[in-house]
Amino acid sequence: MTESAGRFAGRLLTWFDANRRDLPWRRTGEPWAIWVSEVMLQQTRVEAVRSAFEQFMRRFPTPADFAAASDDDLFVAWRGLGYYRRARLLRDGARAVVETHGGVVPDAPAALAALPGIGPYTLGALASIAFGRPEVAVDGNVERVAARYLGSRVPTHTAAGRKRIRTAVSGWLDRRRPGDFNQALMELGAMVCTPTAPDCANCPIATGCVARERGLVDELPVRKKPQPAVQVTARVALAVGPEGALGGRIAAGEANGGQIELPGAGMLTDVAVDDLRPALLERFGAHVRVGGVVASVRHAITCHRIVLHAHAAEVREPGRLAWFPIDDRTPWTTPSRKVFRAALHTGGELRV
């Protein structure tokens, strides 16, 4: 590590030691817990992860416990975090740990990299934080900090951009405290070097930051332009009986595959009122009488901004649909649970 890199790491770690947040996964050195937290934190806010992490670890304290989880157990345990594919890959990884490593998370980077679901970021985070290995972990926060510090205009979503940032972070890495260094850089991006209105006056590495010196903070990093929002009006049938609500299991391979949804033409399909009944017949072979709207909720999926209307429904022939309990143990999709809260938990009436 060069002298300049040493000063960089020293300033960063001094700041981190004084300002690090008290997060539940930082109170343990247990590799499985760190692995779980890192997967949960991908594309999810820290505040959303706090309670989910603690509940998950109580239910699945070891890789073997999660390896034995059913799909429904997985969906319920991951509720509120989204991107359920991450949970499936984590379970695949847990199963590989049980089958190949006797249930013990391996400490060698090569062995970690061979596990399902372990990409470059997770490998770096887990190897450095849990095992003290000198590996870098580059997430979106780190990309932002590094691009600004370097003054790099190379788009961060390109191979050249990723390589430049990874090379820089590898040079800055404190090999005595690699886990703390990686967490410090991520923490700096989350708390100080934020996407908008960064607090440059209180940044420990402000000295030497090219973006700050040249007035480029608001221009960096250069990212891929987001897709424009697509507005969707979706509709579902809400039929409730003694056994719960009428729902359908989403096919494997589709988004949210394996979860249960209120039946409709699909969350990303615009549907007119008169088209809902034919859609239920075509998709599920269900004969359903559709009534008025009893609840309307909003939901976002990637670039889609969805207004979901739930129509009171009367079932004449369920076809391939079935009745499922409305409870916390049933893996209803998030939009479906939003509908239940809006239509049922507030005393709404279901009249056809």
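Provided above is the structure to which this section pertains.
From a predicted model like this one, the values you see are computed outputs, not experimental measurements.

Visitor: Pulling in residues and values, what's your account of the packing of aromatic side chains?
Guide: Considering all chains together, one arrives at 13 aromatic pairs under this definition. Here the aromatic rings of Phe56 and Trp78 are separated by 6.0 Å at their centres, their planes lie at 80°, and the arrangement is edge-to-face. One end of the pair, Phe56, is in helix α3 (residues 46-59); the other, Trp78, is in the loop between α5 (71-77) and α6 (84-101), and 22 residues separate them in sequence. Look at Phe56 and you get buried, because its relative accessible area is 1%. Given the relative accessible area of 0%, Trp78 is considered buried. Among the aromatic residues, those joined into a cluster by ring pairs are Trp32, Trp35, Phe56, Phe60, Phe66 and Trp78.

Visitor: Run through helix α11 (residues 178-191), naming residues and quoting values.
Guide: Count 3.6 residues to each turn of an α-helix, and residues three or four apart come out pointing the same way. Here α11 contains 14 residues, and its C-alpha end-to-end distance of 20 Å stays within 8% of the 20 Å for a straight helix at 1.5 Å per residue. Most of α11 sits inside the fold, with 11 of its 14 residues counted as buried. Every buried residue of α11 is listed here: Pro178, Gly179, Phe181, Asn182, Gln183, Ala184, Leu185, Met186, Glu187, Leu188 and Gly189.

Visitor: Describe helix α8 (residues 120-131), listing the residues and the values that go with them.
Guide: Taking 1.5 Å per residue as the helical rise, α8 with its 12 residues ought to reach 16 Å, and the 16 Å between its terminal C-alpha atoms agrees with that figure. Of all the 12 residues making up α8, 9 are buried; the element is thus mostly covered by neighbouring parts of the structure. Buried within α8 are the following residues: Tyr121, Thr122, Leu123, Gly124, Ala125, Leu126, Ala127, Ser128 and Ala130. Gly132 lies just past α8 and shows a positive phi near 70°.

Visitor: Which residues make up the packing of helix α2 (residues 31-41) against α8, and what values do they have?
Guide: Running from N to C, α2 and α8 point in directions that differ by 145°, and their axes come no closer than 10 Å. For α2 against α8, the interelement crossing comes out right-handed. Contact residues: Pro31, Ile34, Trp35 and Glu38 in α2; Tyr121, Thr122, Ala125, Leu126, Ile129, Ala130 and Phe131 in α8.

Visitor: Talk me through the sheet that holds strand β6 (residues 304-317); I want residue IDs and the actual numbers.
Guide: Reading across the sheet, the 3 strands line up as β1-β6-β5 and stay open at both edges, with mixed pairing between neighbours. In the strand order of this sheet, the two ends are held by β1 (230-238) and β5 (287-301), each with one partner. Across the sheet, the mean angle from the axis of one strand to that of its neighbour is 20°, orientation sign disregarded. One ladder, built from 12 bridges, connects β5 with β6; its direction is antiparallel.

Visitor: A description of unusual backbone geometry should follow, citing residues and the corresponding values.
Guide: Omega for the bond connecting Leu220 with Pro221 falls within 30 degrees of zero, at 0°, which places this linkage in the cis form. Here Pro221 is to be found in the loop between α12 (210-214) and β1. We note that Tyr83 has phi near 50°; this positive angle belongs to a residue other than glycine. Its location among the elements puts Tyr83 in the loop between α5 and α6. Despite not being glycine, Ala197 shows a phi value in the positive range, around 50°. Tracing the backbone shows Ala197 in the loop between α11 and α12.

Rules used throughout
Residues numbered from 1 in each chain as written. Predicted model: local features only at pLDDT ≥ 70, side-chain atom pairs only at ≥ 80, totals over all residues. Heavy atoms only, no water. Phe/Tyr/Trp six-rings, centres within 6.5 Å; stacked < 30°, edge-to-face > 60°. Helix = DSSP H or I, 4+ residues; strand = E, 2+ residues; numbered from the N terminus. Buried < 20%, exposed > 50% of the residue type's maximum accessible area, 1.4 Å probe, protein only. Expected span 1.5 Å × (residues − 1). Axes fitted to C-alpha atoms, helices over the stretch in contact; angles between N-to-C directions. Left-handed = near helix turned anticlockwise from the far one by under 90°. Contact = heavy atoms within 4.5 Å. Pairing = 2+ DSSP bridges.

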